[in-house]
Amino acid sequence: MQSTMQDWPLTLQEVLRRGATLFADSRVVTFQGAGSRTATYAEVARRSSLLAAGLRRLGIGPGDRVGTLCWNHQEHLEAYLAVPCMGAVLHTLNLRLSARQLSFVINDGGDRVIIADSSLAPLLAAIRPTLGSLERVILVGEGGDPSGLGEVIGYEELLAGGSPLQDWPELEERQAAAMCHTTGTTGEPKGVVYSHRSLWLHSLAVIANFGLSDADRICVTVPMFHVMAWGTPYAAWARGADLLMPDRHMQPQPLLSFVLEERPTFLGGVPTIFQGLLLAAEAAGADLGFVRMGIGGGSAVPESLMRAYQRWFPLVQAWGMTETSPIGTIAEPPRGMAEEDPRYWHYRSMTGRPVPGVELRITGAGGEVLPWDGRTVGEIEVRGPWITARYHGDPAPERFHDGWLRTGDVGTVDERGYVQITDRSKDVIKSGGEWISSVELENHLMAHPDVLDAAVVGVADEHWQERPLAVVALRDGRSATAEDLREHLRGRVPGFWLPDLWAFVDQIPKTSVGKQDKKVIRRLQADGSLPVRRLVRVERA
Ligand code: ADP
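Residues numbered from 1 in each chain as written. Predicted model: local features only at pLDDT ≥ 70, side-chain atom pairs only at ≥ 80, totals over all residues. Heavy atoms only, no water.

What follows covers the overall build of the chain. The helix and strand tally for the chain stands at 15 helices and 27 strands. A compact globule built from 541 residues should have a C-alpha radius of gyration of about 24 Å, and the chain, at 23 Å, falls within 12% of that. Projecting the C-alpha coordinates of the chain onto the three principal axes gives extents of approximately 75 × 60 × 45 Å. Counting all 541 residues of the chain, 59% fall into the buried class. Pairs at least 24 residues apart make up 67% of the contacts formed inside the chain by residues separated by at least 6 positions. (Helix = DSSP H or I, 4+ residues; strand = E, 2+ residues; numbered from the N terminus. Rg over C-alpha atoms; globule rule 2.2 N^0.38 Å. Buried < 20%, exposed > 50% of the residue type's maximum accessible area, 1.4 Å probe, protein only. Contact = heavy atoms within 4.5 Å.)

What follows covers the sheet that holds strand β13 (residues 293–296). Picture the strands of a sheet paired through backbone hydrogen bonds; they go either parallel or antiparallel. Spatially, β2-β1-β11-β10-β12-β13-β14-β15-β16 is the arrangement adopted by the 9 strands of the open sheet, whose pairing is mixed. Looking at strand neighbours, the two that pair on one side only are β2 (36–40) and β16 (353–354), the edges of this open sheet. Two elements, strand β1 (residues 27–31) and β2, share 5 bridges in a ladder whose sense is antiparallel. Its bridge partner being in β2, Val 28 is matched across the sheet by Ala 39. Packing against the sheet, helix α7 (residues 196–210) makes contact with β12 (266–269), β13 and β15 (327–330), and its axis sits at approximately 15 degrees to β15. (Pairing = 2+ DSSP bridges. Axes fitted to C-alpha atoms, helices over the stretch in contact; angles between N-to-C directions.)

A complete count under the given rule lists 1 cavity of 30 Å³ or more for this structure. Around the largest cavity, the lining residues are Thr 221, Val 222, Pro 223, His 226, Trp 230, Gly 269, Val 270, Ile 273, Gly 298 and Val 513. Of the residues contributing to the lining of the largest cavity, the split by class is 6 nonpolar, 4 polar and no charged. (1 Å grid on protein atoms, 1.4 Å probe; cavity = no way out; pocket = protein on both sides within 12 Å on 5 of 7 lines; lining within 4 Å. Points joined across faces, edges and corners; volume = space filled by probe spheres on them. Nonpolar A, V, L, I, M, F, W, Y, C, P; charged D, E, K, R; others polar.)

Following Ser 325, the chain continues to Pro 326 via a peptide bond in cis, the omega torsion being 10 degrees. The topology assignment puts Pro 326 in the loop between β14 (315–320) and β15. A positive phi angle, close to 45 degrees, is found at Val 227, a residue other than glycine. Along the chain, Val 227 falls in the loop between β10 (217–220) and α8 (232–239).

In this section: the sheet that holds strand β9 (residues 191–195). Overall, mixed pairing links the 7 strands, which are arranged β7-β6-β5-β3-β4-β8-β9 in an open sheet. Each edge of the open sheet carries a strand with a single partner, namely β7 (152–154) and β9. Sheet twist, expressed as the average angle between the axes of neighbouring strands with direction ignored, equals 25 degrees. Relative to strand β6 (residues 136–140), strand β5 (residues 113–117) runs parallel, the two sharing 5 bridges. Opposite Val 113, over in β6, you have Arg 136 as the bridge partner.

Below, the discussion takes up the pattern of salt bridges. Counted under the stated rule, the structure contains 30 salt bridges. Residue Glu 173 is joined to Arg 197 by a salt bridge in which the shortest nitrogen-to-oxygen separation is 3.5 Å. Here the residue Glu 173 occupies a position in the loop between α6 (155–160) and β8 (176–181), and Arg 197 occupies one in helix α7, the gap between them amounting to 24 residues. Exposure remark for Glu 173: the relative accessible area of 13% places this residue in the buried category. In this structure, Arg 343 engages Asp 341 in a salt bridge whose closest nitrogen and oxygen atoms are separated by 2.9 Å. Several salt bridges converge on common partners, so that one network encompasses Arg 37, Arg 47, Glu 75, Glu 78 and Glu 156. (Salt bridge = Lys/Arg side-chain N within 4 Å of Asp/Glu carboxyl O.)

So, on to the domain arrangement of the chain. When the domains of the chain are assigned, the result is domain 1 (12–309), domain 2 (328–424) and domain 3 (429–534). Here the C-alpha centroids of domain 1 and domain 3 sit 34 Å apart. Taken together, the contacts link 20 residues of domain 1 with 13 residues of domain 3. Interface of domain 1 and domain 3: buried area, both sides summed, is about 1,300 Å²; carbon and sulfur atoms make up 53% of it. At the junction of domain 1 and domain 3, the tally comes to 0 salt bridges. The tally of links from domain 1 across to domain 3 stands at 7 residue pairs in polar contact (both at pLDDT 80 or more). Secondary-structure elements contributing two or more residues to the side of domain 1 that touches domain 3 are α10 (271–284) and α11 (303–309). At 3 residues, α10 tops the list of elements feeding residues into the side of domain 1 that touches domain 3. Taken together, the residues that form the side of domain 1 that touches domain 3 break down as 7 nonpolar, 11 polar and 2 charged. (Domains from an automatic or database assignment. Buried area = accessible area lost by both parts, 1.4 Å probe. Polar contact = N/O pair within 3.5 Å; in protein donor to acceptor, adjacent residues only side chain to side chain.)

Tracing the backbone shows Val 493 in the loop between α14 (482–489) and β26 (501–504). The exposure class assigned to Val 493 is buried, which follows from its relative accessible area of 7%. Setting aside residues up to four positions removed in sequence, Val 493 forms contacts with Leu 441, His 444 and Leu 498.

Among the structural elements, Thr 329 can be located in strand β15. Of note is the side chain of Thr 329, whose polar atom sits 2.6 Å from the backbone oxygen of Thr 351. When residues no more than four places from it in sequence are discounted, the contact partners of Thr 329 are Gln 317, Ala 318, Trp 319, Thr 351, Gly 352, Arg 353, Pro 354, Val 355, Leu 360 and Val 419.

Our next topic: the packing of aromatic side chains. With the rule as written, the count across this model stands at 10 aromatic pairs. Relative to Phe 313, the ring of Tyr 309 has its centre 5.2 Å away and its plane inclined at 50 degrees; by these criteria the two rings are tilted. Judged by its relative accessible area of 0%, Tyr 309 is buried. With a centroid separation of 5.2 Å and 85 degrees between ring planes, the pair formed by Tyr 344 and Trp 345 is classed as edge-to-face. For Tyr 344, a relative accessible area of 9% corresponds to the buried category. (Phe/Tyr/Trp six-rings, centres within 6.5 Å; stacked < 30°, edge-to-face > 60°.)

Here the focus is helix α4 (residues 99–109). Every buried residue of α4 is listed here: Gln 101, Leu 102, Ser 103, Val 105, Ile 106 and Gly 109. Check the buried side of α4 and you find it contacts β3 (65–69), β4 (89–92), β5, α5 (121–127) and β8.

Those residues of helix α9 (residues 252–262) that sit buried are Leu 255, Leu 256, Phe 258, Val 259 and Glu 262. What you see down the axis of α9 is that its buried residues fit within an arc of 165 degrees, all on one side. The exposed set on the far side of α9, more than 90 degrees from its buried face, consists of Gln 253 and Glu 261. The elements touched by buried residues of α9 are β1, β2, β10, β11 (242–245), β12 and α10. Note on α9: the residue one or two positions beyond its end, Arg 263, has a positive phi of about 50 degrees. (Arc of directions from axis to C-beta.)

A word on the environment of Leu 131. Relative to the assigned elements, Leu 131 resides in the loop between α5 and β6. Put simply, Leu 131 and Phe 104 are 27 residues apart on the chain and 8.5 Å apart in space, counted from C-alpha to C-alpha.

In structure tokens:
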């Protein structure tokens, strides 16, 4: 029996219309380092249709890729709205990639036009000769040097050259809306193409899971070039929440002053951002109690960080990836569990339970489905309407399994469906045939008062195959030694996990989106650039 429901396409055009009409007075605030500029949703919607008209005049049509090489600001949001709604494909470009990777990503996308911040023009100029499909660059902001870019037009000039687009094309919900390449933490970047339907459904998931409304002010500290800023721009726009854009000013001090000025109710970002903001807020004696919720993800959020934020608001851990749009799991304690309950922080610091719309399982080396017993370790696989089924131009069958995405993350699931990621499959440390969780070691290390940041990687060992190397950055003026930290870990983790190799550094190497870069750490270790000290030889597991 067929349903009687209308077959209404889920497209971002509806999101754009809602913001423009229902929430015309909601605000988009862009930080300028000192002071901010503000526009209403009505103004942003109008400028988005001017942008769409301008792109059409440049010959952009359905299916064409429009790249953005921009920080988090109003014009980037206008591209988020205009490009998919005119039937073209928004391709967000990670401005922190190496020149070689950026060139690869732009060519892989086949971008015809790139909207770029003036300040980033040199980045593009350096690789311009390698960009085969690129016809024109649209420069946002004053003062950029257009030399070496080929054909260039100013963003404001483009908008001023016509009237708002009236005849938006009819779209199908399954057509491509946006594209994002993975950051290449574990390999070459791979393109993921989101559909209108997947972005629409994912926005609804963001709204529902974080309880967003037009009473909210969302500060977008996730770069808009990475996984659609976790879907927050579309979710905000559909629900009328103010959007607070820090532009390029995401360093702790400027971010803190923006946050204190604009008083967001919702913050989302990687642990590094929250860590920096915490230190800046503590140093300034600031009160962040106006925030109602923070979402941390992108890498494991240390329990110590979540506990530190608890005085102001819950910093909730979520897990996801470029391939999952990204919301996959959220870590909330079981219902009714009070903060005083000894298990409360256990659940808060787990990776979380899958959100509605995401199915999750773990599998063993032979592809067999493993039990949810909280002990058995396997690869996490997910499926759902906002999870990719392949990569752009690369079916990569090894990354999929009977219609499930193999995430490359390894962990356990308990009887209640709480996932605990212990590692990425490429970061897994296997010592004497037993798993050692780098994530858990890092968590405990970061809970030590002297430790600012820590990363643990496996190093080849003749006897044990691999042993953990702990790389630690201490807080300013602190002096914990490897012996102290090893003592701190003792009793918290099994004895054979205790790292015998230690290196102290000023800063943990980070990827383009602020995650620990274990590829770089392993390379530094291999070529002898890390000041590694062997504390004690483990003789027995
Ligand atoms: P890349 O794969 O290039 O780093 P992604 O942002 O897609 O870029 O990274 C997704 C990965 O980040 C996940 O597969 C997982 O390894 C890691 N990750 C994300 N959130 C968490 C989390 N809460 N805990 C542990 N790891 C996480």
